[in-house]
Amino acid sequence: MKRDSLASSVITLTTDFGLSSAYVALLKGAILSINPNTILIDVTHEIAIGDIASAAYIVGTLNGYFPDGTIHVAVVDPGVGSSRNSLVIDMGSQFFVGPDNGLASHLYHAAEKVSIIQSSDDNIGFGSRRTPEGWQVYTLNKPEYWNHPVSPTFHGRDVFGPVAAHISLGVHPSSMGNLTSELVVQKNSVPRKDGNTVSGNIIYIDSFGNIVSNITKEWIEGDRTTAKIHIGTLTVVGVDQYYSEKNDDFIGLINSAGYLELAYSGKSAADILHSQIGESFNLELSERGTAGNPT
Amino acid sequence: MKRDSLASSVITLTTDFGLSSAYVALLKGAILSINPNTILIDVTHEIAIGDIASAAYIVGTLNGYFPDGTIHVAVVDPGVGSSRNSLVIDMGSQFFVGPDNGLASHLYHAAEKVSIIQSSDDNIGFGSRRTPEGWQVYTLNKPEYWNHPVSPTFHGRDVFGPVAAHISLGVHPSSMGNLTSELVVQKNSVPRKDGNTVSGNIIYIDSFGNIVSNITKEWIEGDRTTAKIHIGTLTVVGVDQYYSEKNDDFIGLINSAGYLELAYSGKSAADILHSQIGESFNLELSERGTAGNPT
Amino acid sequence: MKRDSLASSVITLTTDFGLSSAYVALLKGAILSINPNTILIDVTHEIAIGDIASAAYIVGTLNGYFPDGTIHVAVVDPGVGSSRNSLVIDMGSQFFVGPDNGLASHLYHAAEKVSIIQSSDDNIGFGSRRTPEGWQVYTLNKPEYWNHPVSPTFHGRDVFGPVAAHISLGVHPSSMGNLTSELVVQKNSVPRKDGNTVSGNIIYIDSFGNIVSNITKEWIEGDRTTAKIHIGTLTVVGVDQYYSEKNDDFIGLINSAGYLELAYSGKSAADILHSQIGESFNLELSERGTAGNPT
């Protein structure tokens, strides 16, 4: 996208740095030293250390709720210092900056629209995917846009922050890296479908204890009032409910980001079920919901 | 109040969203998408889920310490999706935006100045109160100022954030809702007085473990050095002390917001007493302190 | 330094206020009420209550990563209400504002460059040090620049915030206090050296559980691959490693702020060792590393 270099850009920050250190402030200082006119928005820094699945979900939920030109920086980077690539993604109206390790998985699925997962695909680990139409993806390789010396353990401060700041000043990503045709996606960031069963998993547990699956509303066909959620031995009927409809019971609903989640009225569903990121979260569709993948 | 629509407004945010989710950032994104020139100040997002008493106290303490025109958004909203109203309060020089569920209770008491509570009133739950002189209170009912679709579970992002942003742009609250003459106040947000006993309760415990009561300095008459605090079986003499005056003991003092609190030198008073929000916190005034309510 | 009073200054905030109260917001409100054009950056508010050692380390790490003119406010203030002084330090290109209780210790050591600690000095408590060349240090004593009434327990809101805001407006520190030639430094913020042993201690544990010592890279002479870290009964060989070099083992490395730290691949070293701030963290240099203090 073209940028008006005079505009003050929003830069969002999603990390696993925690809030008890200076790491977040140093990332911000690196940005402000290059462009003091950015608007810095903390998304969260409380991602569990190395939890790419949760971070990718959270970054995905930002889509559409920030001004055009917003730059989303995500640094959950267990591979810092290894050979993983660093990316800028120009998504048309917004940017992603971060390591190429799956953090853009949910942005990718939203951009792809037509999901191409087959039920026979394995869903463990990471895979390379072709960049969606409308995206320009760049692999960062121009050290002149970084802070020096580059710490081997803190690319947020020394690489991703400075690159985001330069984008906010109007530097085109093509000046900072090479165009690439592939990016890394976490395989289990999208469910599989077999007949009337959508096999998903838990990708996020929010601060209220709501359990979020990787099953987005596009996957839910047929009668929502009789569709069944299966987590472990628990079965919950209905996936389109409201918090206020039930007392002291589990509630299946489409959350404010468009994902199927399991809540519990006034309590933490995750505490009750001892749920963990990555566990199975399956949806049994009603009989007429047996068509193919969502389009 | 009249606003200079060119000024950049401060918007403060007080919620129970926690910091591990994207909810706070989405609220901010909704605001910045409407007015990128606001100054967003996090008050706290660590309110215990649904703890209206603590949130109302915290919002009350902001009074007088922010620039004219500041908009205070509070979202602790256990009734989201039910029939509770949504409010904008024009308090003359500052605004409140949030659900009509008692979050403005302490702002209300500060504005009322003359408290009209009788010792015979019950102090459980919530009640309607006439809006104080000088306030204009509006019930939000104009969906054209909201984000759509409005999530049934996230009015912070879809209603309160956008409304605050429009106020910051100079839209008058009367364009966004109907003037109303009543608002909801939490009944136990103010103490009762009977003879020389002020019967209050714990409304907040801060991060140092200091125990804050709903007894403001206006209620404390007579000799402060001999007034007695009663919490459970504990009695502490004196209510106008300093942290540095005592070693290894409880300390009664008027805190920096003007509320009577119980501290412990260098330790958490709340941990020592296992205190909980809502428990009794009584003040026994010295003999000459037996007059009527504060004026 | 001279300031362009039209520039919008960065003010960083480091406190032990925690995030569950309104204290941080009130500090910000006090600043914005004086200068709404400041850029407020939270460093951390999760310093353990009264932990001056960690706060001093964190403030020290900000050095060099923020724009010229940045004002670093630090409020970890167990002596609030006592006779401790309040300071503004003009460090040439940046400012420090806070109590004179050792919070500037690491800024001091970085400015001194030539360390003058002798192995015979005791390392307990605090001492007065002459202000480094190039610094102007002022003791605050002009109440007309403070908020009134000044709360005896909240100088962040009523003294340090307002003073920082006035600096950001271009008020010279000499208008707000008296030039002084000494400041308080925490004695164990710098290690001692005896022969080939550098005797340090733990000054900080970060959110990843990495254990940071007060031994900066200038103290490490000789062969880094054979230098030995001693913590309790643990010995780790090598002090210049990377996270990615080892699996399931301790790692000695120079961290992104230039301090020697002990990490553990993918785990919390501090949890494994049950480490505490203040414990010994010694470095045994290789034979040729037996010269004098760093210059």
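Residues numbered from 1 in each chain as written. Chains lettered and ligands numbered in written order. Predicted model: local features only at pLDDT ≥ 70, side-chain atom pairs only at ≥ 80, totals over all residues. Heavy atoms only, no water.

Regarding helix α4 (residues 155–168) of chain C
Residues and elements named next belong to chain C. Which entries qualify depends on this criterion: Secondary structure elements are taken from DSSP: a helix is a run of H or I of four residues or more, a strand is a run of E of two residues or more, and numbering for both begins at the N terminus. One fewer than the residue count of a helix, multiplied by 1.5 Å, yields its expected span. Here the bend at a residue means the angle between the axes of two seven-residue stretches, the one that ends at it and the one that starts at it. Type-normalised accessible area, obtained with a 1.4 Å probe on protein chains alone, sets the label of each residue: buried when under 20%, exposed when over 50%, and partly exposed for intermediate values.
An ideal rise of 1.5 Å per residue puts 20 Å on 14 residues; α4 measures up with 18 Å between its terminal C-alpha atoms. Roughly 30° is the biggest bend found in α4, and it falls at G161, with proline P162 one to four residues downstream. The buried count for α4 comes to 14 of 14 residues, which makes it a mostly enclosed element. Two residues or fewer after α4 comes G170, characterised by a positive phi angle close to 105°.

Some thoughts on the packing of helix α2 (residues 52–61) of chain C against helix α3 (residues 105–112) of chain C
Angle between the axes and distance between the axes are the two parameters that describe a pair of packed helices. All names here are of chain C. Quick reminder of the rule: For helices, the fitted line uses only the C-alpha atoms of the stretch in contact; every axis is such a line through C-alpha atoms, and the angle between N-to-C directions lies from 0 to 180 degrees. Angles below 35 degrees are treated as roughly parallel, those above 145 as roughly antiparallel, those between 65 and 115 as roughly perpendicular, and all remaining angles as oblique. Working rule for contacts: check all heavy atoms of both residues, and any pair within 4.5 Å makes them a contact. Residue polarity is assigned by list, with Asp, Glu, Lys and Arg as charged and Ala, Val, Leu, Ile, Met, Phe, Trp, Tyr, Cys and Pro as nonpolar; anything else, Gly included, falls into the polar class.
For the pair α2 and α3, interaxial distance at closest approach is 6 Å and the crossing angle is 45°. In terms of orientation, α2 and α3 fall into the oblique class. Together, A56, Y57, V59 and G60 of α2 and S105, H106 and L107 of α3 make up the contact between the two elements. Residue composition of the contact of α2 with α3, grouped by class: four nonpolar, three polar and no charged.

With respect to the relation of the copies chain B and chain C
The two chain copies are connected by a rotation around an axis plus a translation along it. We apply this condition: Least squares is the method used to superpose the copies, on C-alpha atoms of residues holding a pLDDT of at least 70 in both.
Once chain B is rotated about the relating axis by 120° and shifted along it by 0.0 Å, it coincides with chain C to within an RMSD of 0.0 Å. One copy is carried onto the other by what is essentially a three-fold rotation axis.

As for the pairing of strand β13 (residues 228–231) of chain A
All names here are of chain A. What counts is decided by this rule: DSSP calls a pair of strands paired once it identifies at least 2 bridges connecting them.
Burial along β13 is one-sided: the residues I229 and I231 are buried and none of K228 and H230 is. The pairing of β13 with strand β17 (residues 280–284) spans three bridges and is classified as antiparallel. Residue pairing in the sheet places H230 in a bridge with N282 of β17. With four bridges joining them, β13 and strand β14 (residues 234–237) adopt antiparallel strand pairing. Its bridge partner being in β14, I229 is matched across the sheet by V236. Linkage of β13 to β14, two consecutive antiparallel strands, is achieved through a turn of two residues, within which G232 is found at a positive phi near 55°.

Let's talk about the sheet that holds strand β4 (residues 86–90) of chain C
Residue and element names in this part refer to chain C. Sheet architecture is open: seven strands sit in the order β2-β1-β3-β5-β4-β7-β8, paired in mixed fashion. Bordering the open sheet on either side are β2 (39–44) and β8 (177–180), each of which pairs with just one other strand. Taking the axes of each pair of neighbouring strands and ignoring which way they run, one obtains an average angle of 25° across the sheet. Of the strand pairs in this sheet, strand β3 (residues 71–75) and strand β5 (residues 95–99) are connected by three bridges, and their pairing is parallel. When the sheet's bridge partners are listed, I71 is paired in β5 with F95. Where helix α1 (residues 23–34) meets the sheet, its contacts fall on β1 (10–15) and β2, and the angle it forms with β1 comes to roughly 155°.

Regarding the relation of the copies chain B and chain A
In screw terms, the move from chain B to chain A is a rotation of 120° and a rise of 0.0 Å along the axis, fitting with an RMSD of 0.0 Å. Little of the interface of chain B is mirrored in chain A: 4% of its interface residues are interface residues there too.

Quick word on the pairing of strand β11 (residues 197–205) of chain C
Residue and element names in this part refer to chain C. By the bridge criterion, three bridges tie strand β10 (residues 192–194) to β11 in an arrangement that is antiparallel. Paired with K193 across the strands is V198, a residue of β11. Counting the residues that bridge the hairpin from β10 to β11 gives two residues, and of these G195 lies at a positive phi of roughly 65°. With five bridges connecting them, β11 and strand β17 (residues 280–284) associate as antiparallel partners. Opposite N201, over in β17, you have S280 as the bridge partner. Across three bridges, the pairing between β11 and strand β12 (residues 211–216) is antiparallel.

A short note on the pattern of salt bridges
All names here are of chain A. Stated formally: Here, a salt bridge means any side-chain nitrogen of Lys or Arg that lies within 4 Å of a carboxyl oxygen of Asp or Glu.
Evaluation of the coordinates by the stated rule reveals 18 salt bridges over all chains. Of the charged contacts, one joins E221 and K193 as a salt bridge, the two residues approaching to 2.8 Å between their closest N and O atoms. Of this pair, E221 sits in the loop between β12 (211–216) and β13 while K193 sits in strand β10 (residues 192–194), and the two are 28 residues apart along the sequence. Its relative accessible area of 11% is what places K193 among the buried residues. With its nearest N and O atoms 3.9 Å apart, the salt bridge here joins K217 to E218. Taking relative accessible area as the criterion, E218 reaches 42% and is therefore assigned partly exposed.

A short note on the packing of aromatic side chains
What counts, and what does not: Note on ring pairs: Phe, Tyr and Trp rings are taken, using the six-membered ring of Trp, and paired if centres are within 6.5 Å. Classes follow the plane angle, with under 30 degrees stacked, over 60 edge-to-face and the rest tilted.
This model, assessed by the stated rule, comprises 21 aromatic pairs over all chains. Considering the side-chain rings of A:Y23 and A:F154, the 5.5 Å spacing of their centres and the 75° angle between planes classify their relative orientation as edge-to-face. Taken as a pair, A:Y23 in helix α1 (residues 23–34) and A:F154 in the loop between β7 (136–140) and α4 (155–168) lie far apart in primary sequence, 131 residues in all. Note on A:F154: relative accessible area 4%, which makes it buried. Members of the aromatic cluster, joined through ring pairs, are A:F17, A:Y23, A:F154 and C:F208.

A few points about the side chain of B:S286
All names here are of chain B. Quick reminder of the rule: We define a polar contact as two N or O atoms separated by no more than 3.5 Å, with the added condition that, inside protein, one atom must be a possible hydrogen donor and the other a possible acceptor, whereas residues neighbouring each other in sequence contribute only through side-chain atom pairs.
Its place among the elements puts S286 in the segment after β17 (280–284). Residue classification places S286 among the buried residues on the basis of a relative accessible area of 10%. A polar contact is formed between the side chain of S286 and the backbone oxygen of D223, at a distance of 3.0 Å. At a separation of 2.4 Å, a polar atom in the side chain of S286 contacts the side chain of T226. Not counting residues within four places of it along the chain, the set of residues in contact with S286 comprises N196, D223, T226 and A227.

Comments concerning the interface of chain B and chain C
Just so we agree on the cut-off: Once two parts are brought into contact, the accessible area they lose, counted with a 1.4 Å probe and summed over both, makes up the buried area.
Listed as interface residues are 23 residues of chain B and, on the opposing side, 26 residues of chain C. Of the roughly 2100 Å² buried between chain B and chain C, counting both surfaces, carbon and sulfur atoms make up 65%. Together, B:Y65, B:F208 and B:S256 form the three largest contributors to the area buried by chain B at its contact with chain C, with a combined 30%. Counting across the interface, chain B meets chain C through zero salt bridges.

With respect to the domain arrangement of chain A
Residues and elements named next belong to chain A. Our working definition: By convention here, the domain bounds are inherited from an automatic or database domain assignment.
Considered domain by domain, chain A is made up of domain 1 (10–188) and domain 2 (191–284). When each unit is reduced to the centre of its C-alpha atoms, the spacing between domain 1 and domain 2 is 28 Å. Taken together, the contacts link 17 residues of domain 1 with 15 residues of domain 2. Across the contact surface, domain 1 and domain 2 share zero salt bridges. The interface formed by domain 1 and domain 2 holds six residue pairs in polar contact (both at pLDDT 80 or more) in total. If you tally residues by element for the side of domain 1 that touches domain 2, the top one is helix α2 (residues 52–61), at five residues. Its residues placed into classes, the side of domain 1 that touches domain 2 shows five nonpolar, eight polar and four charged.

Describing unusual backbone geometry
A cis amide bond, omega 0°, links B:H148 with the succeeding residue B:P149. By secondary structure assignment, the location of B:P149 is in the loop between β7 (136–140) and α4 (155–168). A positive phi angle, near 50°, is found at A:H274, a position not held by glycine. With respect to the helices, strands and loops of the structure, A:H274 is situated in the loop between α5 (269–273) and β17.

A word on the interface of chain B and chain A
Contact residues are listed per partner, giving 26 residues for chain B and 23 residues for chain A. For the chain B and chain A pair, buried surface summed over both sides reaches about 2100 Å², with 65% attributable to carbon and sulfur atoms. Connecting chain B to chain A are zero salt bridges. At the boundary of chain B with chain A, the tally comes to seven residue pairs in polar contact (both at pLDDT 80 or more). Elements with a minimum of two residues in the side of chain B that touches chain A: α1 (23–34) and α4 of chain B.

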